[in-house]
Amino acid sequence: MEEAMPQLQPVGMQHRDSYIAMLDDHERYGESYPWNDAKTARVDFARFVEELAEEAAGGALPHGAVQQLTYVLILGDEVVGEFRLRPYISEPYERYNGHIACNVKPSSRGKGYGSHGLALGLELSRGFGLDAILLTVDDRDNLPSIRVIENNGGRLLRSASDAEGRMIDSYWIDL
Ligand SMILES: CC(C)(COP(=O)(O)OP(=O)(O)OC[C@H]1O[C@@H](n2cnc3c(N)ncnc32)[C@H](O)[C@@H]1OP(=O)(O)O)[C@@H](O)C(=O)NCCC(=O)NCCS
């Protein structure tokens, strides 16, 4: 029997406990959660959901921020990861950031969820009318991240160093 694969869902109040369990999972593995407002998610999940709705609507964003749609990667009712989609990126943002960013919680890695989630993210991106996707990797030792991209047809487009001197590799996926 084929193993069940997770789905993408916009973050909502129904995900509160499982989202916080995902944050706890990172903590247990000694990892921080720099990708979203974990602090607000823990203390006021309703506010967190509101913040994500504001980012998704794309209005009144802080300087340099772009419209972002946040989805949980969910298997049954367990949040196993998070995907963030940015339908409209442009310079200078796109030099160091891509259309899609993702993370899978440490205890759920290596099961194909990241690669599957990105395939779902590409489907959503087609729905936004995009015909190609840019993804960035800021750590060449992050082999799982590179493999997730390559598993979905990504190829290296360019490498550039950011303001802090970190090398950022940008990958391209034709949709
Ligand atoms: C990158 C990340 C999303 C991968 O998620 P995942 O669910 O483990 O991905 P998959 O199970 O689809 O595995 C992808 C590849 O990485 C490999 N991999 C997974 N965990 C690994 C590990 N700990 N060490 C080495 N390789 C690993 C898998 O074997 C697979 O390679 P293959 O296709 O050659 O077999 C996850 O490691 C993560 O959240 N990392 C921290 C955040 C991050 O780096 N995000 C950037 C993603 S673009």
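It should be emphasised that the depicted structure is a prediction, and the values quoted were computed from it without experimental measurement.

Rules behind the numbers
- Residues numbered from 1 in each chain as written.
- Predicted model: local features only at pLDDT ≥ 70, side-chain atom pairs only at ≥ 80, totals over all residues.
- Buried ≥ 20, exposed ≤ 12 C-beta atoms within 10 Å, placed from the backbone.
- Helix = DSSP H or I, 4+ residues; strand = E, 2+ residues; numbered from the N terminus.
- Arc of directions from axis to C-beta.
- Expected span 1.5 Å × (residues − 1).
- Contact = placed C-beta atoms within 7 Å.
- Near = placed C-beta within 6 Å.
- Nonpolar A, V, L, I, M, F, W, Y, C, P; charged D, E, K, R; others polar.
- Pairing = 2+ DSSP bridges.
- Axes fitted to C-alpha atoms, helices over the stretch in contact; angles between N-to-C directions.

J.: Explain helix α6 (residues 143-151) to me, please; I cannot follow it from the model alone.
T.: For an α-helix, the turn length of 3.6 residues means that residues three or four places apart are oriented alike. The complete set of buried residues in α6 reads Ser145, Val148 and Ile149. An end-on view of α6 places all buried positions within 95 degrees of arc, on one side of the element. In α6, the exposed positions angled more than 90 degrees off the buried face are occupied by Leu143 and Pro144. Looking one or two residues beyond α6, the residue adopting positive phi is Gly153, at roughly 90 degrees.

J.: I would appreciate a short explanation of helix α3 (residues 45-57) in the present structure.
T.: The end-to-end C-alpha distance of α3, which contains 13 residues, comes to 18 Å, matching closely the 18 Å that a straight helix rising 1.5 Å per residue would cover. Taken together, the buried positions of α3 are Phe48, Val49, Leu52 and Glu55. Down the axis of α3, the smallest arc covering the buried residues is 120 degrees, so these residues share one side. For α3, the exposed residues set more than 90 degrees away from the buried face come down to Ala46, Arg47, Glu50 and Ala57. Where the residues of α3 are buried, they touch α2 (38-43) and β2 (69-75). Looking at the residues trailing α3, positive phi occurs at Gly58, about 85 degrees.

J.: Can you help me understand the site of the ligand in this one?
T.: With respect to spatial proximity, 17 residues lie near the ligand, and among them Arg109, Gly114, Ser115, Pro144 and Arg147 are the closest. Contributions of two or more residues to the shell around the ligand are made by β4 (100-104), α5 (113-127) and α6. Counting residues per element, the shell around the ligand draws most heavily on α6, at six residues. A per-class count over the shell around the ligand returns six nonpolar, eight polar and three charged.

J.: Explain the sheet that holds strand β1 (residues 7-10) to me, please; I cannot follow it from the model alone.
T.: If you walk across this open sheet you meet the four strands as β1-β2-β3-β4, and the pairing is antiparallel. Two strands lie at the open edges of the sheet, namely β1 and β4, each paired on one side alone. Averaged over all adjacent pairs, the angle separating strand axes in this sheet is 30 degrees, with direction ignored. Pairing analysis gives seven bridges linking β2 to strand β3 (residues 78-85), with the strands arranged antiparallel. Bridged to Ile74 within β3 is Val79. Running over the sheet, helix α1 (residues 16-28) touches β2 and β3 and is turned about 85 degrees from β3.

Function cannot be inferred from these measures alone, as they are strictly geometric.
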